Amino acid sequence: MSNPVIKCESVYKIFGENAKKMLQDSNGNVDAKTFQENGCIVGVNNASFEVSKGEMLVVMGLSGSGKSTLLRCISRLTDATDGKIFIEGQDLLSLKNKELIELRRNKMGMVFQSFALLPHKTVVENIAFPLQIKGIKTEDSISKAMDMVKLVGLDGRENYFPRELSGGQQQRVGIARSLAVEPDIWFLDEPFSALDPLIRKEMQDEFLRLQDKLQKTIMFITHDFDEALKLADRIAIMKDGIIEQLDTPANIVLNPATEYVRKFTEEVPREKVLLIEDVMDPSTTDNLGDLKVLKDEIIENVAEKILTQEKSVAVLDNKNKIVGSINPTKIINTVFGGRKNNN
Amino acid sequence: MEFIKKYPKLFQWLFLLIVFFGLCFAIDVPETYKFIRGQAEFVKDPNQSFYIFLGKEVRYYAFDVFWRLPPLLGWLPIWINDSLFFLMNEWMPIEFWNEDTQEFRTRPLVLQISRNLTAFMTFLIELIREILLGGLETIVVFTSWDWIDKNPWAELPGLPWTIVAAGSAILAYKLSGKGLALFAGLVMVYISIFGQWKPSMQTLSFILVAAPLSFIFGLGLGIAAFKSKRVEKALYPILLVMQTMPQYAVLVPALVLFGVGDQAAVIVTMVVAVPPMILLTILGLRAIPPEVIEAGKMSGCNNWQLMFKVLIPTARRDILIGVNQVIMVCFSMAVISAFIGAKGLGFNLLLALNQLNIGLALEAGLCISLIAILLDKMSLAWANKQTDYFGNLTFFQRNKNILFFAATVIIGIILAYAGTFLFKGSYNYLFEVPHNKGISTADFWNKGVDWIFDTFFVYIKAFNTWLIQDVLQPMRALYLRMPVVATLVLVVGAGYLIGGIRSALVVCGLTLFIALSPWWDRALVTAYMATFGVIVSCIIGFTVGTLCFQNKHSASFMLGVCDIFQTFPSFVYLIPVMMLFGITDTSVLIAVIVYATIPATRYTIEGLRSVPVGLHDAATMSGVNKFQRLTKIEFPLAFPHMMLGLNQTIVFALFMVIIGAFIGTEDLGQYILKALSDKKGAGIGFTLGICVAFIGLIFDNLIRTWVEKRKKHLGIN
Ligand SMILES: Nc1ncnc2c1ncn2[C@@H]1O[C@H](COP(=O)(O)OP(=O)(O)OP(=O)(O)O)[C@@H](O)[C@H]1O
Ligand SMILES: [Mg+2]
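K.L.:
Teacher, can you tell me more about the overall build of chain B here?
P.N.:
Broken down by element type, chain B carries 29 helices and 6 strands. Burial statistics for chain B: of 717 residues in total, 52% are counted as buried. The contacts of chain B with a sequence gap of at least 6 include a subset with a gap of at least 24, amounting to 77%. Carbon and sulfur atoms form 69% of the exposed surface of chain B, whose accessible area is close to 35,400 Å².

Structure follows, in structure tokens:
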């Protein structure tokens, strides 16, 4: 965390005529209700966090909780009402227009919730657009865009117009467009929500593979907890503009910081979140069966194996040293047992 | 009581109507007013006794106020005239360097600006004109008359028509394909062999200056208004008035400011053509989803790129409608500005109409319409053009159009040269077919007109007499019989019922302006003609539109027909009706009806089309039949859009009524036409134009307010 790529310090975004003044008067204690009575809508409320290089932060929350607004602030599509935002150490809000354009051209990519394709350009032109804006020659940008078209599986449709594509296909164009400039920082606003389950899974896998290779810094918005668990390094949960909790998936499920987060995560299948490490019994290391599992395996992946055993199963760390054990009943408890009484 | 509670609106309207008619019956024509047939209006009895009030002769009795308001705004035209004169001749004298005399001269600022502007326009027009037709003025601008005397070779020879024809076909091919290329070629050949080459090229050079300039200015101002609220606020009232201002009326002040000729015509045309372009640009830019703009920003666009690579292309649909309007207006003005001395087809058309030579008028009208359609289609094709990135083209393929054009130029020149030998002693038909040396069908048409007259004279005459005596004159009498108070009550009441106090005030102000001007009676006549035209147009348009909507193909076909008809310059509509009905009010009204039916039909079809398909299916599934679906679902939902069509219909009808003055109607238009030939007519013409614009705006305001409310009620945007 020494050199965070994105760093927010008490970022506020409040919509409305006299938002600035109201915010000053409130001394940082923003209450959505009182603001609303005065004609202001709170978009983001005191957000402070950091995202380090190569990390993927997933933002979740109900509709209208301010996720998109937070992303817009960090990409400076809207100016935050108050607070500081640093991108790779640069103060985003003090950037001049030119520097901001440079930053966007070279460092940032964004996928929009409603696709936001240019209706007058074909698929390949849409994807090549950011490249051409950068001043890259038409031929080069088109050939690069064609690679992207293949990457998102739209080959054969490169000359279609957005209106001739389904929602999912349009979103894939949006993804390809944001990837074309190979940004270091990637903002994705519900990128996969318009896709059908099959393609969504494919795209998620592809996305993970890419991320493994490219190590981009990513902020990702989704409504789908499964997706969040699959992708996230950390998850932020928002409510009425406030980040209620920002932590690793396991911690969010195991130690919800607020009542809201607890409710939010109630239905989450634990076995998908928790690692063996989280539920193992570190005290017992003898009288174990033959089967051995790694401690940072997700429970879901090894549950079946463990359940075929009668004895407890040995848990190994990275150096093949036994660090604890796990009992099949423990697995059963975790998967099917009362989710409400933790652990 | 139950009934009243259930339909309060209906009751209010009934009440309003009762009050209106009550007032009409209660207020008699005052003795001091006499209806003069020759002037078609009520005028003050000149023998009326007067009294002295504050040392002035007053012929106006306080009680007359209910019947007609005093012409308190009579000073306005005179004031406008004087101000214009002052601006042009006295205001801000500044020293300017004069190239010709090599000395400083004092000139009023506005005059100088106007001179420079017209000089610039003249240069542009002459440049294009001389490329097409030949001439030496462009060369002179860069050199001098002396120089050209010594070097006569430098005079531009003009392009042979063969090259222009082939060139436009190649251009059309490049833009769209074989179909348009064929059309372009045929149009050009037609123009040439029918001996309309010279006037056509004159008109074309006029359009090629006026249309692009209007487009650029309109787009620019539209962007400015989109970016700055203040600019928009300043522009908006002007735009509104200009939308309903008849084109004649703009000519008159322009005459004073810019003189006569093509250059003045270009400026007037821009004044008329720029406002719709601005409005449509703003409309298009507003409709862009914010996320598209954000996507542009995230792609790293700077302001310039954002505007020209994201915003404008995304708003293309509306901007294209704007281009279409610009072209339409330009061609309309190409004809109308013949009144202030623009050369070309319009001039020929007016001349022919004046001499009642229908055949010649028809030929000129056809030419100008064909060119209008061609330019409209070409501009559309240009905007919709796609680039192909994937074809591996050879040098020849990539440049084949240019190569072809080069070839045609060479062939054309050789042909023209050969022509000098071929047609020795007569005209070189391979260079240019002179006016009235081409094939002319004028005689044929004139004979046709004569034949129609001879054969159907009795019926036409009978129809004419019936219409005028039994329909039009009673209707006009009724309109003129309305006391001004009753009219005000009706209009303001309608405004209040539709849009509340705000609307009522706006409408009241507009009506008062007309009532206080010296031309209230004329305005009533204009309103009566427009009303008649609008009613018939709407009945036809709504019926035709609804019928065509029943079938997908016929709907598209009808929209195409509307497109083409809309491109015709408005004056052209007068030709066939004069052919059939001669110089009567009937002719004008029929032209009005034909012209105004276009928007009525178009908006009906578009409105019905815009009903969401989902609703359609849902209705079908719940088992309604076609008729029920139409009356219960499609009409109510499409009605707001259809009302916007009504709005357009009214504007179109008003325009045509005013243009009809050329045939000799007795309305505001007649006075505008008079003002054109009056030295001090500028103020009068302009005020009259404002009066017409205000009639349009009254309806515009009422209809728009109603539509907004209705749309909100229905939850559509
Ligand atoms: N331009 C704006 N003007 C006023 N209020 C806005 C604006 N944009 C967003 N809001 C408000 O800010 C709040 C947060 O909106 P935001 O779009 O960030 O929600 P979200 O979490 O992305 O929701 P969703 O999941 O539906 O996309 C909402 O209450 C919204 O009404
Ligand atoms: Mg959102």
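K.L.:
Quick question: what am I supposed to make of the domain arrangement of chain A here?
P.N.:
How large an interface is tends to be reported as the accessible area lost when its parts come together. Residues and elements named next belong to chain A. Taken domain by domain, chain A holds domain 1 (53-269) and domain 2 (271-336). For domain 1 and domain 2, the distance between their C-alpha centroids amounts to 35 Å. The contact between domain 1 and domain 2 buries some 550 Å² in all, and 74% of this surface belongs to carbon and sulfur atoms. Of all residues in domain 1, Ala250, Leu254 and Pro269 give up the largest surface area on contact with domain 2, accounting jointly for 66% of the area buried on that side. Here domain 1 is connected to domain 2 by 0 salt bridges. Counting across the interface, domain 1 meets domain 2 through 0 residue pairs in polar contact (both at pLDDT 80 or more). Broken down by secondary-structure element, the contributors of at least two residues to the side of domain 1 that touches domain 2 are α9 (225-231) and α10 (249-254). The element best represented in the side of domain 1 that touches domain 2 is α10, accounting for 4 residues. Considering only residue class, the side of domain 1 that touches domain 2 consists of 7 nonpolar, no polar and 1 charged.

K.L.:
It is not clear to me how the confidence of the model for chain A should be interpreted in this structure. Could you clarify?
P.N.:
Keep in mind that low pLDDT regions are not for reading the predicted coordinates in detail. Scored by pLDDT, chain A comes out at a mean of 85, with 97% of its residues at no less than 70. Low confidence marks residues 339-343 of chain A, where pLDDT is under 50. Its contacts with residues over four positions away, or in another chain, come to 11 contacts.

K.L.:
Would you take a moment to explain the site of ligand 1 for this structure?
P.N.:
Residue and element names in this part refer to chain A. Around ligand 1, the surrounding shell holds 13 residues, and the nearest of these are Ser63, Lys67, Ser68, Thr69 and Gln113. At a separation of 2.5 Å, an oxygen atom of ligand 1 approaches a polar side-chain atom of Thr69. Gln113 places a polar side-chain atom, nitrogen or oxygen, 2.8 Å from an oxygen atom of ligand 1. For ligand 1, the accessible surface in isolation is 630 Å², of which the surrounding protein chains cover 63%. If one sorts the elements of the shell around ligand 1 by residue count, helix α3 (residues 67-74) sits on top with 3 residues. Here the shell around ligand 1 is composed, by residue class, of 3 nonpolar, 8 polar and 2 charged.

K.L.:
Please clarify how the sheet that holds strand β11 (residues 292-294) of chain A should be interpreted in this entry.
P.N.:
The pairing of strands in a sheet comes from backbone hydrogen bonds and takes either a parallel or an antiparallel form. Residue and element names in this part refer to chain A. Sheet architecture is open: 3 strands sit in the order β11-β12-β13, paired in mixed fashion. Because the sheet does not close on itself, it has two edges, and the strands there are β11 and β13 (322-326). Averaged over all pairs of adjacent strands, the angle between their axes in this sheet comes to 35°, without regard to strand direction.

K.L.:
So what exactly am I meant to see when it comes to unusual backbone geometry here?
P.N.:
Peptide bonds are mostly trans, and most non-glycine residues show a negative phi. Residues and elements named next belong to chain A. The phi dihedral of Asn46 falls on the positive side, at around 55°, and the residue is not glycine. Since its relative accessible area comes to 38%, Asn46 is described here as partly exposed. The phi dihedral of Glu88 is positive, around 50°, even though this residue is not glycine. Tracing the chain through its elements places Glu88 in the loop between β4 (82-87) and β5 (90-91). Of the residues examined, Glu88 reaches a relative accessible area of 36% and is grouped as partly exposed.

K.L.:
Honestly, the environment of Asp317(A) in this entry has me stumped. Any pointers?
P.N.:
Residue and element names in this part refer to chain A. Here Asp317 shows up in the loop between β12 (313-316) and β13. Judged by its relative accessible area of 15%, Asp317 is buried. Along the backbone, Asp317 and Glu277 are 40 residues apart, and their C-alpha atoms lie at a distance of 9.1 Å. Contact partners of Asp317, with chain neighbours within four places excluded, come to Leu294, Lys295 and Val323.

K.L.:
In this structure, what is going on with the interface of chain A and chain B? I would like to understand it.
P.N.:
Taken residue by residue, the interface counts 33 residues in chain A and 21 residues in chain B. For the pairing of chain A and chain B, the buried interface totals around 2,300 Å² over both sides, and the portion due to carbon and sulfur atoms is 61%. Among the residues of chain A in contact with chain B, Arg104(A), His120(A) and Ile133(A) are the three that bury the most area, contributing 22% of the side total. On the surface where chain A and chain B come into contact, there are 2 salt bridges. For Glu291(B), the salt bridge goes to Arg72(A), with nearest N and O atoms at 3.0 Å. When residues of the side of chain A that touches chain B are traced back to their parent elements, those giving at least two are α4 (97-106), β6 (108-111), α5 (123-134) and α6 (138-151) of chain A. Tallying contributions element by element places α5(A) first for the side of chain A that touches chain B, with 5 residues.

K.L.:
Where do I start with the side chain of Lys121(A) in this structure?
P.N.:
Relative to the helices and strands, Lys121(A) is located in the loop between β6 and α5. Buried charged residue Lys121(A) carries no salt bridge. Nearest counter-charge: Glu125(A), at 5.5 Å.

K.L.:
Just to check I follow, could you spell out the nonpolar core for this structure?
P.N.:
Most often, soluble globular proteins keep nonpolar side chains buried together rather than apart. With 222 residues, the main nonpolar core has Ile6(A), Phe49(A), Ile74(A), Phe187(A), Met219(A) and Phe571(B) as its most contacted residues. Leaving out residues up to four positions away in the same chain, Phe187(A) has contacts with Ile6(A), Leu71(A), Ile74(A), Ser75(A), Met108(A), Gly109(A), Met110(A), Val111(A), Met219(A) and Met298(B). If you look at the next biggest cluster of nonpolar residues, it comprises 64 residues, including Ala228(A), Ala232(A), Ile331(A) and Val335(A).

K.L.:
Would you explain the coordination of the magnesium ion (ligand 2) in this entry?
P.N.:
Working reference: metal with six octahedral donors, ideal angles 90 or 180 degrees; metal with four tetrahedral donors, ideal angle 109.5 degrees. Ser68(A) (OG) and Gln113(A) (OE1) make up the full set of protein donors to the magnesium ion (ligand 2), lying at 1.9 to 2.3 Å. With Ser68(A) in helix α3 and Gln113(A) in the loop between β6 and α5, this pair connects stretches of sequence that are 45 residues apart.

K.L.:
Would you explain helix α11 (residues 247-258) of chain B in this entry?
P.N.:
Because the α-helix completes a turn every 3.6 residues, residues three or four places apart line up on one side. All names here are of chain B. Taking 1.5 Å per residue, 12 residues should reach 16 Å; α11 reaches 16 Å between its end C-alpha atoms and fits that length. Within α11, 9 of the 12 residues are buried, which leaves the element mostly enclosed by the surrounding structure. Buried within α11 we find Gln247, Tyr248, Ala249, Val250, Leu251, Val252, Pro253, Ala254 and Phe258.

Calculation notes
- Residues numbered from 1 in each chain as written.
- Chains lettered and ligands numbered in written order.
- Predicted model: local features only at pLDDT ≥ 70, side-chain atom pairs only at ≥ 80, totals over all residues.
- Heavy atoms only, no water.
- Helix = DSSP H or I, 4+ residues; strand = E, 2+ residues; numbered from the N terminus.
- Buried < 20%, exposed > 50% of the residue type's maximum accessible area, 1.4 Å probe, protein only.
- Contact = heavy atoms within 4.5 Å.
- Areas by Shrake-Rupley, 256 points an atom, 1.4 Å probe, with all protein chains shown as cover.
- Domains from an automatic or database assignment.
- Buried area = accessible area lost by both parts, 1.4 Å probe.
- Salt bridge = Lys/Arg side-chain N within 4 Å of Asp/Glu carboxyl O.
- Polar contact = N/O pair within 3.5 Å; in protein donor to acceptor, adjacent residues only side chain to side chain.
- Nonpolar A, V, L, I, M, F, W, Y, C, P; charged D, E, K, R; others polar.
- pLDDT = per-residue confidence, 0-100.
- Near = heavy atom within 4 Å.
- Pairing = 2+ DSSP bridges.
- Axes fitted to C-alpha atoms, helices over the stretch in contact; angles between N-to-C directions.
- Lys, Arg positive; Asp, Glu negative; His and termini not counted.
- Core = buried A, V, L, I, M, F, W, Y, C linked by side-chain atoms within 4.5 Å.
- Donors = N, O, S within 2.8 Å, 3.2 Å for Na, K, Ca; no water.
- Expected span 1.5 Å × (residues − 1).

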